[in-house]
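# Structure assessment
Each chain, letter by letter, is given below.
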Amino acid sequence: MGSNMAEAHPVGFQWVVEAKARGATVFHIDPRFTRTSALADRHVPLRAGTDIAFLGGVINHILSNGLEFREYVEAYTNAPFLVREEFADTEDLDGLFSGYDPESGSYDPASWHYESATAREGRGERAREQSSPYQHGSGGPPLEGGADEIAADPSLEHPRCVFQILKRHFARYTPEMVERVCGVPRELFDEVCRAWTENSGRERTAALVYSVGWTQHSMGAQYIRAGSIIQLLLGNIGRPGGGVFALRGHASIQGSTDIPTLFNLLPGYLPMPDTSHEGIDSYLQLVRGDRQKGFWRNADAYLVSLLKEYWGEHATADNDWCFEYLPRINGDHGTYRTVMDMIDGKVFGYFLLGQNPAVGSAHGRLQRLGMANLDWLVVRDLAMIESATFWKDSPEVETGEIVPERCRTEVFFFPAASHVEKSGTFTQTQRMLQWRDKAVEPKGDQRSELWFFYHLGRILKEKLAGSSDERDRPVLDLWWDYRLEDGDEPSGADVLRRINGVDLARDRALTGYPELKSDGSTACGCWIYSGVFADEVNQAARRKPHTEQGPYESEWGWTWPMNRRVLYNRASADPRGRPWSERKKLVWWDAGKGEWTGFDVPDFEATKPPDYRPAPGASGPEALCGDDPFIMQADGKGWLFAPNGVLDGPLPTHYEPHESPVRNPLYGQQGNPARKVYPRADNPSNPSPPELHSEVFPFVFSVARLTEHHTAGGMSRQLPYLAELQPELFVEVSPELAAERGLVHLDWAHVVTSRAAVEARVLVTERMRPLRIEDRVVHQVWLPYHWGQTGLVAGDVVNDLFGVVVDPNVFIQESKVATCDIRPGRRPRGPALPAYLAEYRERAGITLETGTHLDTSRGSEG
Amino acid sequence: MANSFHGRLDDPAGEAGYAQHPPRVGFFTDTSVCIGCKACEVACKEWNGVPDDGFDLLGMSFDNTGELGANSWRHVAFVEQERPGAVSPEPVELGLPSFDLPGASGGEQTRTDFRWLMSSDVCKHCTHAGCLDVCPTGALFRTEFGSVVVQPDICNGCGYCVSGCPYGVIDRREDDGRAWKCTLCYDRLRDGLEPACAKACPTDSIQFGPLDELRERAARRVDALHEAGVAEARLYGEDPDDGVGGDGAFFLLLDEPEVYGLPPDPVVPTRFAGSMWKYAGVAASAFVAAAVSVFFGRGG
Amino acid sequence: MKEQVAVPRAEFRSYYGRPVLKPPVWEWKIPAYLFTGGLSAGAAVLGAGADLTGRPVLRTVSRLGSLGALGASMYLLVADLGRPERFLHMLRVAKPSSPMSVGTWILVAYGPGAGLAAVAELVPARWRGTPLGRLVRAAARPAGLWAATMAPGVASYTSVLLSQTAVPAWQDAHRQLPFVFTGSAAASGAGWGLVWTPVGQAGPARRLAVLGAAAEVAASKVVDQRLGVTSQAYTTGKAHRLRTWSEYLTVGGAVGAVAGRRSRVLSALSGLALLAGSALQRFGVFEAGVESTKDPRYVVAGQRERLSRER
C-alpha cells in the first residue's frame, strides 16, 4: 500500500517476483493501476487518502472475528494495559480524542496515558512545533513508569484495556463503511482480509510494504501506525517474512536521516536540544526518562560520545562536554517554515545540496519566491538545476513576479562529484550500509560533499582563528583532523571509523554501542552505526555472496544496529524462547549455551534468558524482561495504542485529506485536527466540506513517480537515454473523466488548484478508475512530477499545484492527495496566469481562513 | 522437408561453417515477470553506443520507443487490456487512437481482471534468418554462438535486409546509411559475459544462456503458469519447426503475438526461394521464346 | 481496372495499429531501376535479333538503348545505397540465397556484353579501319548475343529480388511477378525500338510489344484477384492508380503499335506509351509492396488467413 514498488524500486522488486515464484500472494492496494499492479495477484483500487479507513476495516475484521495471534498479542503488545479513566475516544467526541485544544490545534496527551504511568512531555503545542515525535525516531517515546509494573488485564476483557479500546474505536470501520469511504467493493475487501489473516500466525507470515504514498499525507504517521497495528495483532513483527517495510524515496536517504539533515535531530535520533533544556542534565533527563525500560536509558553515553566526536579534547566533564556549543531550536525550523521565513525576509542564506526545491518540494512557487528573496544561495549538484536558474527561467519570471535584473539573490553553483567519483557508504531501506569505492576521478571542479564540507570547515576555522568572541568557539574547537587521501580529499573510511566510534585512550575502533561510555573515554559520531568499523575492518565493504552464507546474509554490508537484519527478532520466539513454529524460526534461546542463537543476530541481550524478571526499581536495559522484544520501547512492548509520542491521536482514525471533495462519512471531524497548516496569503487551500464551493475543485489528484525519471528530474532529464523514454509531462485520466471534461488523448489539458495551473498532454487510460463514494462518482487525476524548465525535455512543475500542509509528527507535506480541476487546452501564460488563478480562488470563495478551521466536530463552533 | 534454408536446423553455427563452436545461446524473455522498467533499453544503448531515438510522446501507454529499429535494439511494449464493468457513459469520440485497444476484441475467456502486459522485444536471431540470407555483401554473418550480427565496416546500406526480416527488426540508420540491429552483445559474449540487457533486467524477465537450457526452462514455466490458472500463457518463437526454424530469442507471451506487434506466423522468405527461382526461370524462358519468335515471319 | 469491391475487412488485432514490418528503405530509384533494367534487357534481345536478321537501325537503337538503360541502372542502384561509396562490397560474396547477390553477378556478366555491342555502334567512321576498330566491330555480334543470353536473367531476377522478402505484396505474388516483369521488360524494350526505328524494320518490336503487354497485363490481373487479403494492396490507393494508368498505357501502346504499323508518328507515340506503362507498372508494384508493410492488416490478417487454411 502507498507504494509503487516495481516503479520506484525496480531492483528491489525482483525479490517480490521471487517470492511470487515461491508461492507468495501479492496484493497491491493503490488508487492507480501501476506497473506494480501489473505483477500483483490482485489490484485493489481505493480513493487516495482513505488508507486508514481501509486498514481500520481490516483491524475491525481481525478483532470482530477473533483472528488475532492471541499469544503474541498478549505477551508482546500493550494490549492488556489499562488506560486512564479520563481517556475519551473518537467514538465519544465525534472524531476527536480527549485533550484537544482548538485554539492551538493540538492535543495534550495526558489523558491517553496508562493508568499507572505518566509522561513528562505534555507540551502539546511546543511538541507540535518541533515535531517532537520525530525526535524519538528509532526508539520509543518517553513514558515514565514504563519500567514499573503497569496495571493490566491479561485476559484482555477490561473495558479500559488497550485491546477493548481498540475494538471499540474500530467498530465502525465495517466492510460497508470501507466500500462507502474508499470505493473498494465488498468482495475485494473481504479477499484482502482473508488472505492477510490466513497467511499470518505461527506457520505463516505476511509482510506490509509502504512508501511515500503513505508518508506524504497530513496524517502519514497514522497510516503507518494503522499498518503496524495490524501486523502486531497478526504477530508479524520481528518474524521472518513479516514486518513493515518502509521503502525510502532516494538512495541513501535512510543515511540522511540516521546522520540527519533534519533540524530537530542529532545523529542516531537523539533529539536536538531546545531552548527549554537548561543544560545537559535536563536534556538527558528528558531523553532517558527515569523509570523506563529500554536502551534509551543509556542516552547519556550516546550523547557524550557524540560531543567528544564533535569537539574532541575540548569537550570535558567540566564544561558538560561542550553541550552548550550545540545550537538550540525554539520552534518550527522545518523546510517549509524556513522557506516562508525567506519570503518574510528572516532568512538570507541557503545551501542546497543535491536538492531541487524549485521542482521537488510542494508549492513550487513558494520555494522559488523564497529563494528569490535571499542574499546568497549555494547550489551543489550534478547539473544546472531549476533551483539554480530560477532567477531567470522560473514560471515567476514569465508572470512577472520575479524580475531577473532585480532579483537580489546571488547564486553560487558548485559542480558536484557523482557517486562513482567518490567513495563512501549508502544506507538503504534495509538499514544496510554498503561501502562503494571510487571508480573514476571527478572532472574539472567537481568535488564530493565530504571535500566541500571539510574544506568549508577548515576555511571557516582559519578565518576565525585568533578570535576571542565566545560565539566562534564552537567552530574553532571542532575536532577536524580527518585523514586526507588522493591529495586533499578527506578519507571516507576515516570518517566512517569516527562515526563508528573510537576508544580514545587506545585509538581503537569500538565494536558497538554497548561499549559507549558517558565518562568521555569514547567518541562516536552516531551510536546506532557503532559497529560498522568493528575490529578496524570496514564492515560495510563486505561482499560475501549469498551462495556462501546463511539466509540473512550477515556478511554482506552491515546493518544498524549491530548488524541485526530483522529488528525485534526476539518476537520470532514465544515467551519461553522457542520458535513459534519450525517453519518460521529465526532466533531462539539455547538453554545449553545460555544464549540466544539463530539465523540472524539476535536483537536482544545475548545472554538474557526468557524467564528473566528485573529487580524492583530497575530501569533501562536491566528493566527489560526476558520476553520484552521491543527493547527500545519504554515498556518493552509493541504499542497497539500509543499513550505518547504521536501528536494526532493514540489510535489511527480516518480523516479526510486537507483537501477533499467528500465530507468525512465517519465523523463530524473532517480532517486531521492536529495537522499543521500555514495560513498565509501565499499558501491558500482549496475548500473542503463543510466549507462551501468545494465543487470548484471537484476532482482528487495525486502525484507520483515514473521509473524512467528520478524525482525532480535533475539527474534524468539531462540524459538522452532516459529523456526519450518519457519525453513529456502527461496527465492520466479515465475515459469517463475525459468524456466529462472534453479531454482528448495526446492533446493538451491543464490541471488547476488555488495555487497554480499546470499543463500536460492527456493520457486517457483505463488504469485510472472513477470510484463510487457514498452517493456520487469521484474522479481521480494523476501526474508524474519529474519536469521543470531545464534539460533535454522540459515541462511544467507539477509540485506547484500543492500548498503546504504537513503532518504534525514529522512535518512531511501532504503531496499525495489534493483536489483540483482539469480543463482542456493549454494554460494561460504570463500575467494572465495569476489572473486565471485569482478568478478560480474567487469562485471557490477562498480566503485566508479557508482550510484553517481544524476542528469541525460536533462540539466545535466551526 | 528441411534444408539449410528452412525447417529444423539444430546447429546453425555448424551449418555456417564453424568446425568447433560453443553451444548456441540466446534469450528466453518471460514477459509474465516484466515490470516495464526499460532498464534493458538503457543498458543496451549504453553498452553499444546506440543514439537516442527522438523525444516524442507516442501515447501508446508507457511506450515512447514505438518499435525496434536501427536506434532501438530493445523495445518494451505496453498493452492495457479491458476491465469489467465501469462507471461509464456512452462511448464518445475521445480522440483515442482509431483502432481497437489491443485485446479489446477477441479477448481471453480466462481473464477476468484488468491487466497490463509488458514485454521487451528484441532481434530474434532466427535459426533461418531472413536478413542474413539476403545480405549481398556478407556484412551480416552467423557467429559461432549462433547469433546474427551486422558488420558496420562492410555494410553498404543496400537495405535488403530490412525487407528480408519477417519480424520488422533491422533497419537502416538515417544519417549513417548502414543497417543496425542487436548483436546479442557479441563483444561481451566473447569475453564470457552475458548481454547487457540480460544483466540489467532486475526480475530476470530476460534470461540468457544456452538455448537448450532456456527451452527446457521455458517449458517448465509455461506448465507452472497453466497450473496456476494462467491459461493464456504460451511460448512464441520456441518451436524449431516453425517458419524460421525457431528463434534464438524466444518469448513467453500472455496473449496472441499480434497484440504485442509480432507476426502470428513468421516465415523466412528464403523458404520459397526454390519456387521463386523456378517461376522466374519459366518467365525468363518465355521471354527468350517471345524474343526469338518475333523475328520469324515477314513484315518489317 | 475497377477498384476491388471491399473484401470483408478481416478482423484482426494489432499493437496500436502500428506496422509489424519495416517499410522498404528503397526509394524511387529502385522502382526506376526495375524499369531501366527491364528496358535494357528487352532492348538487348531485340538488338541481337535485329543484328542477325539485318535490321541495322533496330540493331543500333536497341544496342545503344540497352547500354544507356544499363548505365542508368548502375547509377540508380549505387545512388540508392546508404553508403554508395561502398558499392563494390557487393562483389565480396556470391550468395545464392540472396537474389541481390545473384543479380549483382548477372549484371556483372551481362554488362560487358551489352557494353561492347553498344560501343561497337559508336566507333566513329574514321576509326573503323583501325585494328582496334575492326576488333571491336568483330566482337560486337558475339557480345550482343552474349548480352541477349544474359538478358532474360536481368529481366526476371528482379521479381525474385522483390519476392524473397517479407513484404506481403511481393512475397505472395511470387508466382506472377516474374511474368509481370519479363512482360514489362519485353514491352519496354519493344517500345524503345518503336520510338526510334523506321516502321519498315520495326516489325519484331511491334510483335514483341504485343506479347510483352499481354503477358504483363494477364499476370497483373491474377495478382489483383487471386492473392486474398494481399490483393488489396494492389487494388487500392496509390498502387492501384499507378497500375491502372500502366494498364491503359501498355494496352494502348500495344494496340497503337499494331494499328499504327505504317505510321511513324503513331509507332513512336505507341512506343512512348509502352515505356511509360512499363515504368508505371514497376512503380505500382513497388508502391503495393510498401503499402503492404505499413498496414499491419496484411501481415496479421494475411498470416491468420494462411494459418486457418492450413488447418
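This structure is a prediction, so every number in the text was calculated from the model and none was measured. (Residues numbered from 1 in each chain as written. Chains lettered and ligands numbered in written order. Predicted model: local features only at pLDDT ≥ 70, side-chain atom pairs only at ≥ 80, totals over all residues. Heavy atoms only, no water.)

### Re empty space enclosed by the protein
Residue and element names in this part refer to chain A. Let me state the cut-off plainly: A cavity here means a set of points on a 1 Å grid, drawn over the protein atoms and nothing else, where a 1.4 Å probe fits but cannot get out; a pocket is an open set with protein on both sides within 12 Å along at least five of seven lines, and a residue lines either one if it has an atom within 4 Å of a point. Grid points are joined across faces, edges and corners, and a volume is the space filled by probe spheres set on the points. By the criteria applied, helices consist of DSSP H or I runs no shorter than four residues and strands consist of E runs no shorter than two, each listed in order from the N terminus. In the scheme used here, Gly and all other residues not listed as nonpolar or charged are polar, with Ala, Val, Leu, Ile, Met, Phe, Trp, Tyr, Cys and Pro taken as nonpolar and Asp, Glu, Lys and Arg as charged.
Tallying each qualifying case throughout the model produces 12 cavities of 30 Å³ or more. Looking at the largest cavity, its volume works out to about 400 Å³. For the largest cavity, the lining is made up of 28 residues, of which Gly 2, Asp 30, Gly 213, Ala 704 and Lys 816 are closest to its centre. The set of elements that each furnish at least two residues to the lining of the largest cavity consists of α10 (212-215), β23 (699-704) and β29 (780-784). Among the residues making up the lining of the largest cavity, the classes are represented as 10 nonpolar, 12 polar and six charged. Empty space within the second largest cavity amounts to approximately 210 Å³.

### Things to note about unusual backbone geometry
Residues and elements named next belong to chain A. As a reminder of what qualifies: Accessibility here uses a 1.4 Å probe with only protein chains present; expressed as a share of the type maximum, an area under 20% marks a residue as buried, one over 50% as exposed, and anything in between as partly exposed.
Following Trp 560, the chain continues into Pro 561 via a peptide bond in cis, with omega recorded as -5°. As for its placement among the helices and strands, Pro 561 is situated in the loop between β19 (558-559) and β20 (587-590). In this chain, Pro 689 is followed by Pro 690 through a cis amide linkage whose omega measures 5°. Looking at where Pro 690 falls in the secondary structure, it is placed in the loop between β22 (676-677) and β23. At His 693, a position not held by glycine, the phi torsion is positive, near 70°. Structurally, His 693 can be placed in the loop between β22 and β23. Of the residues examined, His 693 reaches a relative accessible area of 34% and is grouped as partly exposed. Phi is positive for Glu 774, which is not a glycine, with a value near 55°. As for its placement among the helices and strands, Glu 774 is situated in the loop between β27 (771-773) and β28 (776-778). Among the residues examined, Glu 774 registers a relative accessible area of 33% and is labelled partly exposed.

### Remarks on the packing of helix α15 (residues 335-343) of chain A against helix α17 (residues 364-371) of chain A
Residues and elements named next belong to chain A. Formally: An axis is simply a line fitted to the C-alpha atoms; with a helix, the fit covers only the stretch in contact. Between two such axes, the angle follows the N-to-C directions and lies from 0 to 180 degrees. Our angle categories are set so that under 35 degrees counts as roughly parallel, over 145 as roughly antiparallel, 65 to 115 as roughly perpendicular, and the remainder as oblique. Less than a right angle of anticlockwise turn of the near helix away from the far helix marks a crossing as left-handed, whereas a clockwise turn marks it as right-handed. By the convention used here, residues are in contact when the closest approach between their heavy atoms is within 4.5 Å.
The N-to-C vectors of α15 and α17 enclose an angle of 50°; their axes lie 7 Å apart at closest approach. Here α15 is positioned oblique relative to α17, judged by the angle of their axes. In this structure, the crossing between α15 and α17 has a hand that is left-handed. Where α15 abuts α17, its residues Tyr 336, Val 339, Met 340, Met 342 and Ile 343 lie against Leu 366, Gln 367, Leu 369, Gly 370 and Met 371. When its residues are assigned to classes, the contact of α15 with α17 shows eight nonpolar, two polar and no charged.

### Considering the packing of aromatic side chains
To keep it simple, the criterion reads: The pairing test for Phe, Tyr and Trp rings, Trp by its six-membered ring, is centres within 6.5 Å, and the orientation test on the planes gives stacked under 30 degrees, edge-to-face over 60, and tilted for anything in between. Working rule: Lys NZ or Arg CZ, within 6 Å of ring centre, within 35 degrees of ring normal, means a charge sits over the ring.
Counted under the stated rule, the structure contains 57 aromatic pairs over all chains. When the ring of Phe 263 of chain A is compared with that of Phe 811 of chain A, the centres are 5.8 Å apart and the planes differ by 20°; the resulting orientation is stacked. Taken together, the positions of Phe 263 of chain A in the loop between α12 (253-258) and β7 (265-266) and Phe 811 of chain A in the loop between β30 (805-806) and β31 (818-824) put the pair 548 residues apart, joining distant regions of the chain. For the residue pair Phe 263 of chain A and Phe 811 of chain A, the accessibility class agrees, reading buried in each case. Between Phe 27 of chain B and Phe 208 of chain B, the ring centres sit 6.2 Å apart and the planes meet at 65°, which makes this aromatic pair edge-to-face. Remark: Phe 208 of chain B occurs in strand β8 (residues 206-210) and Phe 27 of chain B occurs in strand β1 (residues 25-30); sequence separation between them is 181 residues. One aromatic cluster is present, built from ring pairs that chain together Phe 87, Phe 97, Tyr 100, Tyr 107, Trp 112 and Phe 641 of chain A. It is Arg 767 of chain A that lies over the ring of Phe 62 of chain B; its NZ or CZ is 4.9 Å from the centre. Residue placement shows Arg 173 of chain B over the ring face of Trp 180 of chain B; its charged tip is 4.2 Å from the ring centre.

### Comments concerning the pairing of strand β10 (residues 376-381) of chain A
Residue and element names in this part refer to chain A. To keep it simple, the criterion reads: What makes two strands pair is DSSP finding at least two bridges between them.
In terms of residue burial, β10 counts as a mostly covered element, since five of its six residues are buried. As defined by bridge partners, strand β9 (residues 349-353) adjoins β10 across five bridges and the pair is classed as parallel. Residue pairing in the sheet places Leu 353 in a bridge with Arg 380 of β10. The pairing of β10 with strand β11 (residues 410-415) spans six bridges and is parallel. Note on β11: the bridge partner recorded for Val 378 is Phe 412.

### So, the interface of chain A and chain B
The condition is simple: The term buried area refers to how much accessible surface (probe radius 1.4 Å) is lost by two components on association, counted for both of them together. Here a salt bridge means any side-chain nitrogen of Lys or Arg lying within 4 Å of a carboxyl oxygen belonging to Asp or Glu. Whenever a nitrogen or oxygen atom comes within 3.5 Å of another N or O atom, the pair is scored as a polar contact, on the condition that within protein one atom can donate a hydrogen and the other can accept it, and that pairs from neighbouring residues in sequence are kept only if both atoms are in side chains.
Listed per partner, the contact involves 49 residues of chain A and 47 residues of chain B. Of the roughly 3,700 Å² buried at the junction of chain A and chain B (both faces included), carbon and sulfur atoms supply 66%. In this structure, Lys 38 of chain B and Glu 708 of chain A form a salt bridge, with 2.6 Å as the shortest nitrogen-oxygen distance. At the junction of chain A and chain B, the tally comes to 12 residue pairs in polar contact (both at pLDDT 80 or more). For the side of chain A that touches chain B, the secondary-structure elements that each account for two or more residues are α1 (5-8), α2 (10-21), α3 (35-39), α23 (720-723), β24 (730-733), α24 (735-741) and β26 (757-764) of chain A. Looking at the side of chain A that touches chain B, the element that brings in the most residues is α2 of chain A, giving five residues. Split by residue class, the side of chain A that touches chain B holds 29 nonpolar, six polar and 14 charged.

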